[in-house]
Amino acid sequence: MTQSVQGLTRRQFLRITASAGVLLAGGFGLANGLPGPRTESAQETRLLLGSVANLTIISDDPQRARIAISAAFDRMAALEDVFSRHRANSQLSQLNASGHLNNAHPALLDVLARALDYSQLTGGAFDVTIEPVHRLYREHAHTGTLPSEEAVHAARQLVDYRQVRIDGSSIRLGKQGMALTLDGIAKGYIVDQGVATLAEHGFGNALVELGGDLHTLGDTGQRPWQVAIRQPDAARQSRRLVAQVNGALATSGDYLNTFTADRRLHHILDPHSGISPRELASASVLAPTTADADALSTALLVMGHAGLTLIQRLPGIEALVIGKDGSIQQTRGFQLV
């Protein structure tokens, strides 16, 4: 097995991996799926979009696998200049700063179109225009305070996915002060691009994981990919559920980027209320693409148990939700080992 961590101290690496929605075993999202004795794995770890990315290929040609992994990382890293809200010169940052963007990157147009479709499908439970409210909470978090109800209400007036206009390669935001965050879908899209690159290089057994969102190809050489999902129970302990994954998996949870110690307010905010949903502790979604799983897991956490009714209507989509009380509910096709 080969592995490298570029640009990370051990402390940074441990801090970031500890916050991932999918528990990492051996450096990637495996619970019990290590390659058998007749196969080898080539693996590399880097930092992308403020999260740890892990790429693994099961192959008997590790040198060719490492070349493919490098190509996949190059493709994934290039998309930071499109989607990152932390880079002032990214296309997303330019759009947020001016309210319009001409000659948008095809990836941005693709992801934003998908995001708007999911906004409509979920009745606004998934809404990338939530960024003004997110920004308000982040700014107060620096001082250890929470924004007032009045401030949250004012920021919510800028939240409306129907005000986003796509015209050819141009994007325009309908209200002054509107801004987008693609954190709930772009990460999954980047994972899908990494998977596509590995497949293009001829590898059929691989795993790409970024910040807890992952996509598998084939199997581990001996058995299906098995992934451990954090299970926060009512006492806020951390246990593991092991899921069998053939495709994409994303998890959204109340244990990531919290604004209050009791996890009452966290990075998943209900666009309709401006506060975090109170029913679920986490939502995991299996889907054909990681972008789909990413968006739907975010929406499902907002919608609560009622969102499973929507999931059951979507072909090829399965889900598992964990309530704040530790209860577990899943669709029929979500397989636990």
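Reference entry: report on the structure contained in this document. Predicted model only: the values in this text are computed from it and were never measured.

1. Some details on the packing of aromatic side chains
Part 1 of the argument: One pass over the structure, following the stated rule, counts two aromatic pairs.
Part 2 of the argument: Centroid distance Phe 83 to Tyr 189: 5.8 Å. Interplanar angle 75°. Geometry classified as edge-to-face. Taken as a pair, Phe 83 in helix α3 (residues 80-83) and Tyr 189 in helix α8 (residues 186-200) lie far apart in primary sequence, 106 residues in all.
Part 3 of the argument: For Phe 83, a relative accessible area of 2% gives the class buried.
Part 4 of the argument: Here the aromatic rings of Tyr 137 and Phe 259 are separated by 5.2 Å at their centres, their planes lie at 25°, and the arrangement is stacked. Separated by 122 residues along the polypeptide, Tyr 137 in helix α6 (residues 131-141) and Phe 259 in the loop between β11 (248-253) and β12 (280-287) bring together distant segments of the chain.
Part 5 of the argument: Under the relative-accessibility criterion, Tyr 137 is labelled buried at 4%.

2. Considerations on the pairing of β12
Part 1 of the argument: Burial within β12 is extensive, with eight of its eight residues counted as buried.
Part 2 of the argument: Sheet topology places β11 next to β12; six bridges connect them, and they run antiparallel. Counted as the bridge partner of Ala 250 is Val 285 from β12.
Part 3 of the argument: With six bridges joining them, β12 and strand β13 (residues 318-323) adopt antiparallel strand pairing. Following the sheet pairing, Leu 280 is matched in β13 by Gly 323.

3. What about unusual backbone geometry?
For residues besides glycine, phi is generally negative; the peptide bonds are generally trans as well.
Part 1 of the argument: One non-glycine residue with positive phi stands out, namely Leu 49, at about 50°.
Part 2 of the argument: Locating Leu 49 in the fold gives a position in the loop between β2 (40-48) and β3 (51-59).
Part 3 of the argument: Exposure remark for Leu 49: the relative accessible area of 22% places this residue in the partly exposed category.
Part 4 of the argument: The backbone of Asn 103 sits at a positive phi, close to 55°, despite the residue not being glycine.
Part 5 of the argument: In this structure, Asn 103 sits in the loop between β4 (100-101) and α5 (106-121).

4. Things to note about the sheet that holds β4
Part 1 of the argument: Within the open sheet, the three strands sit side by side as β4-β6-β5. Their pairing is antiparallel. Edge positions in the sheet fall to β4 and β5 (164-167), since each has one partner strand and no second.
Part 2 of the argument: Both β5 and strand β6 (residues 170-173) contribute to a ladder of four bridges, which runs antiparallel. Across the sheet, residue Arg 165 finds its bridge partner in β6, namely Arg 172.
Part 3 of the argument: Strands β4, β5 and β6 of the sheet are contacted by α5, whose axis makes an angle of about 135° with β5.

5. Remarks on α8
Part 1 of the argument: Taking 1.5 Å per residue, 15 residues should reach 21 Å; α8 reaches 21 Å between its end C-alpha atoms and fits that length.
Part 2 of the argument: Among the 15 residues of α8, twelve are classified as buried, and the element is accordingly described as predominantly covered.
Part 3 of the argument: Buried residues of α8: Ala 186, Lys 187, Gly 188, Tyr 189, Ile 190, Val 191, Asp 192, Gln 193, Gly 194, Val 195, Thr 197 and Leu 198, and no others.
Part 4 of the argument: Of the residues one or two after α8, Gly 202 is the one with positive phi, at around 90°.

6. Focus: the environment of Arg 165
Part 1 of the argument: Inspection of the secondary structure puts Arg 165 in strand β5.
Part 2 of the argument: A sequence separation of 53 residues divides Arg 165 from Leu 112, and the C-alpha atoms of the two residues are 10.0 Å apart.
Part 3 of the argument: Here Arg 165 is in contact with Ser 170, Ile 171 and Arg 172, once residues within four sequence places are set aside.
Part 4 of the argument: A polar contact of 2.2 Å, which involves the side chain of Arg 165, links it to the backbone oxygen of Arg 162.

Criteria and thresholds
- Residues numbered from 1 in each chain as written.
- Predicted model: local features only at pLDDT ≥ 70, side-chain atom pairs only at ≥ 80, totals over all residues.
- Heavy atoms only, no water.
- Phe/Tyr/Trp six-rings, centres within 6.5 Å; stacked < 30°, edge-to-face > 60°.
- Helix = DSSP H or I, 4+ residues; strand = E, 2+ residues; numbered from the N terminus.
- Buried < 20%, exposed > 50% of the residue type's maximum accessible area, 1.4 Å probe, protein only.
- Pairing = 2+ DSSP bridges.
- Contact = heavy atoms within 4.5 Å.
- Axes fitted to C-alpha atoms, helices over the stretch in contact; angles between N-to-C directions.
- Expected span 1.5 Å × (residues − 1).
- Polar contact = N/O pair within 3.5 Å; in protein donor to acceptor, adjacent residues only side chain to side chain.

Everything listed is a geometric property; what it means functionally is a separate question.
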